[in-house]
Amino acid sequence: MRLSVVVPLLNEESNLRPLHSRLSAVFDRLKVEGQIIFVDDGSTDSSAKVIAELAHADPRVKGIVFSRNFGHEAASTAGLDAADGDAIVLMDADLQDPPEVIEQMFARWREGYEIIYARRSKRKGESAYKRCTSWLFYRILSALSEVQIPLDVGDFRLIDRRVLDAVKRCREHDRFMRGLIAWTGFRSTAVEYERPERVSGETKYNTLKLLWLSLDAAVGFSILPLRLASALGFLVTLGSLVMVMILVAQKLMSQLEIPGYALQTAGLFFLGGVQMLLLGILGEYIGRIYRQIQARPLYVVREIISADQSKHAATVERVL
Ligand code: UDP
Ligand code: MG
């Protein structure tokens, strides 16, 4: 049984040693063959040096050092690409994701779940503002997205090898890892934990970065924004037609003087509406092109079940 832990990090020199020793203890208690993959996302402190020292002393440690900062999602991707365990954990380096929670996640994996999220029941030491923006981020996300992305879970999770293999087949840019993992559709569950404060260093996710991440999530997992033009155009066109009908009826049925600009305005709305509708149709095509360009696999297989002639029993084969 092999358990890989993938840790993307940026300027976390003081957190790496404690993280390593706590992970080692977890590996010992679980009695698994461990693997730790540190991905240094262009740190400017001595993180890379610390990783090298750790790797030198412990063969289970592997380091991937980026040439520059490519972002958290890219760093996670690189780590996952290198992971070769039967179960893979993705976690932050700042000890906000307590390594001990892996033990609970591992137990659920043993029960047969393929994706185990760590849900934050409490967040300590985070400002009301951060909690508020996070809360909003998850609600907007779930409203927009076409795949069910679980609420209030960060990147901290354990996934089965099969989930990883499916995610690895998605090579799109501007990726949103949490969305991709949910998209695979494997059996998932959550374990609860209290999110402690960052041990040292400071958060690298400011409001702007969170905003960009929301954009990646919304645009990557929905073509709803593109469809907005169609809906709006349809409404405006309909409205202007109703307006014209009312004007004509008024003209016919009463002696009321209808001013000339009334019809002009109605015409203006009509044209505007038709234009938006056409934009929406264009958007629909662009949406389809976009999906095609993303080149995600069309389906993901969990297992293949076939009759084993020699044993006269159905066998379940792991698909790799
Ligand atoms: N991180 C990274 N690249 C970046 C930003 C952050 O690899 O460009 C790492 C960071 O070192 C940490 C994890 O991503 O291990 C989560 O970042 P952070 O703790 O700053 O986010 P928060 O927990 O505040 O949402
Ligand atoms: Mg953090």
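Residues numbered from 1 in each chain as written. Chains lettered and ligands numbered in written order. Predicted model: local features only at pLDDT ≥ 70, side-chain atom pairs only at ≥ 80, totals over all residues. Heavy atoms only, no water.

1. Some thoughts on helix α1 (residues 13–30)
Taking 1.5 Å as the rise per residue, α1 with 18 residues should run 26 Å; its terminal C-alpha atoms sit 27 Å apart, in good agreement. All of the buried residues along α1 are Asn15, Leu16, Leu19, His20, Leu23, Ser24, Val26, Phe27 and Leu30. For α1, the arc enclosing every buried residue in end-on projection is 165 degrees, short of the 170-degree limit, so these residues lie on one face. In this fold, the buried residues of α1 make contact with β1 (2–9), β2 (33–40), α2 (47–57), β3 (61–65) and α4 (101–110). Directly after α1, the chain includes Lys31, whose backbone phi takes a positive value near 55 degrees. (Helix = DSSP H or I, 4+ residues; strand = E, 2+ residues; numbered from the N terminus. Expected span 1.5 Å × (residues − 1). Buried < 20%, exposed > 50% of the residue type's maximum accessible area, 1.4 Å probe, protein only. Arc of directions from axis to C-beta. Contact = heavy atoms within 4.5 Å.)

2. Details of the layout of surface pockets
A probe as big as a water molecule, rolled over the atoms, marks out the empty space that is left. Put simply, the largest pocket is a space of about 1100 Å³. His72, Lys204, Tyr205, Lys209 and Leu213 are the residues nearest the centre of the largest pocket, which is lined by 47 residues in total. Of all the secondary-structure elements, those providing two or more residues to the lining of the largest pocket are β1, α3 (72–82), β5 (115–123), α5 (128–144), β6 (153–160) and α8 (207–220). Looking at which element gives the most residues to the lining of the largest pocket, the answer is α8, with six residues. Within the lining of the largest pocket, the residues separate by chemical class into 14 nonpolar, eleven polar and 22 charged. (1 Å grid on protein atoms, 1.4 Å probe; cavity = no way out; pocket = protein on both sides within 12 Å on 5 of 7 lines; lining within 4 Å. Points joined across faces, edges and corners; volume = space filled by probe spheres on them. Nonpolar A, V, L, I, M, F, W, Y, C, P; charged D, E, K, R; others polar.)

3. As for the pairing of strand β4 (residues 87–90)
Burial along β4 is two-sided: Ala87 and Val89 facing one way and Ile88 and Leu90 facing the other are all buried. Bridge analysis of β1 against β4 gives four bridges, and the strand direction is parallel. In the strand pairing of β4, Val5 is matched with Val89. Note that β4 and β6 share four bridges and pair antiparallel. If you follow Ala87 over to β6, its bridge partner there is Asp160. (Pairing = 2+ DSSP bridges.)

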